[in-house]
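# Structural features, examined
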Amino acid sequence: MKKLVFAFLTLLLAPLVNAAPEFKEGVEYTVVKETPSSQPEVTEFFSYVCPHCYSFQPLMEKLAERLPEVEINKVPVPFLGREMGPVLQRAYGAAVLLEVEDKLTPAIFDQIHRQKKMPRSMDDIKAVFVDNGVEAGEFDGVINSFALNGMVAQYDKLTENFNVRGTPTLIVKGKYELNMGEIGSEERFYRVVEYLLSAE
């Protein structure tokens, strides 16, 4: 009789077990804001000098291909790279304004991490732009522009608002921060992001 009761209870509880969330707050992710953004988005806080960010770029590219309906944002932080941190932050914003970010981000990452040539000045950054097809005058026209100053202020505000202290930091829907050390694999990374995009 006890075996029958146990079997019956097991059957009753099975749906509850199956309904348990695959990922848990405090393990794979942390809630950092109360209200999610109104649109599906993933924001990556990164630095060109961060080797983990460099290694992470193929995953972000695959994520964009896997979720074409999701807005993928990048926010450069100024606190890595010493005096070059703010310079590299401006470089990213300039690449966005000049609509060459898809070429310049891989080029800057490659120079720093594969070629081991760390830029030492804004002139070094300008040379990377020119080497990748940007006219010197175009670069000069945006690098200290009002538009770029506004973008940098927004980058700094977002970095502060989400209390970003390391990179890469990923925020999903403006509410959930991924605990990268708990993800475990590339496929699991995609599944955690997809899970959080569907969460309330």
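Residues numbered from 1 in each chain as written. Predicted model: local features only at pLDDT ≥ 70, side-chain atom pairs only at ≥ 80, totals over all residues. Heavy atoms only, no water.

## Details of the pairing of strand β3 (residues 71–76)
Pairing of strand β2 (residues 41–46) with β3 involves six bridges; the strand directions are parallel. Paired with T43 across the bridge in β3 is N73. On the question of chirality, the crossover connecting β2 to the parallel β3 by way of helix α2 (residues 51–66) is right-handed. (Pairing = 2+ DSSP bridges. Helix = DSSP H or I, 4+ residues; strand = E, 2+ residues; numbered from the N terminus. Right-handed = clockwise from strand over helix to strand, strands pointing away.)

## Regarding the sheet that holds β3
Across the sheet, which stays open at both edges, the five strands sit in the order β1-β5-β4-β2-β3 with mixed pairing between neighbours. Only two strands of the sheet have a single partner each, and these edge strands are β1 (29–31) and β3. On average, each strand axis in the sheet is tilted by 25° relative to the strand beside it, whichever way the strands run. Pairing between strand β4 (residues 169–172) and strand β5 (residues 176–178): two bridges, direction antiparallel. Residue pairing across strands places I171 opposite E177, the latter belonging to β5. Here helix α8 (residues 186–197) sits on the sheet in contact with β1, β2, β4 and β5, set at roughly 175° to β5. (Axes fitted to C-alpha atoms, helices over the stretch in contact; angles between N-to-C directions. Contact = heavy atoms within 4.5 Å.)

## Overview of α8
Here α8 is twelve residues long and its end C-alpha atoms lie 17 Å apart, about the 16 Å a rise of 1.5 Å per residue gives. Buried residues of α8: F189, Y190, V192, V193, L196 and L197, and no others. Looking down the long axis of α8, one finds its buried residues gathered within 160° of arc, a one-sided arrangement. Looking at the buried positions of α8, the neighbouring elements they touch are β1, β2, α2, β4 and β5. (Expected span 1.5 Å × (residues − 1). Buried < 20%, exposed > 50% of the residue type's maximum accessible area, 1.4 Å probe, protein only. Arc of directions from axis to C-beta.)

## Let's talk about the packing of aromatic side chains
Inspection of every chain in the model, using the stated rule, returns 13 aromatic pairs. Taken together, a centroid distance of 6.1 Å and an interplanar angle of 50° make the contact between F46 and F109 tilted. Of this pair, F46 sits in strand β2 while F109 is found in helix α4 (residues 101–114), placing the two residues 63 residues apart along the sequence. Accessibility classification places F46 together with F109 in one group, the buried group. Taken together, a centroid distance of 5.8 Å and an interplanar angle of 40° make the contact between Y54 and F109 tilted. Here Y54, found in helix α2, pairs with F109, found in helix α4; they are 55 residues apart in sequence, far enough to count as distant. We note K33 situated over the ring of F162; from NZ or CZ to the ring centre the distance is 5.4 Å. (Phe/Tyr/Trp six-rings, centres within 6.5 Å; stacked < 30°, edge-to-face > 60°. Lys NZ or Arg CZ within 6 Å of the ring centre and 35° of its normal.)

## Considering the pattern of salt bridges
Summed over the entire model, instances satisfying the criterion amount to eight salt bridges. Between E22 and R191 there is a salt bridge whose closest N-O contact spans 2.4 Å. You can see E22 sitting in the loop between α1 (2–19) and β1 and its partner R191 sitting in helix α8, a full 169 residues away along the chain. Among the residues examined, R191 registers a relative accessible area of 31% and is labelled partly exposed. The salt bridge partner of R66 is E194, with a shortest N-O separation of 2.7 Å. Note that R66 is positioned in helix α2 and E194 in helix α8, a separation of 128 residues in sequence. One continuous salt-bridge network, built from bridges that share partners, spans R66, E187 and E194. (Salt bridge = Lys/Arg side-chain N within 4 Å of Asp/Glu carboxyl O.)

## Some thoughts on the nonpolar core
Of all hydrophobic cores here, the largest spans 35 residues; its most connected members are F45, Y48, L88, L104, I108, I125 and F129. Among the elements of the structure, β2, α3 (84–97), α4, α5 (122–131), α6 (136–143) and α7 (146–161) are those that each provide at least two residues to this core. Look past the residues within four positions of I125 in its chain and what remains in contact with it is M84, V87, L88, A91, P119 and F139. L67, L170, I183 and Y190 belong to the second largest nonpolar core, which has 20 residues in total. (Core = buried A, V, L, I, M, F, W, Y, C linked by side-chain atoms within 4.5 Å.)

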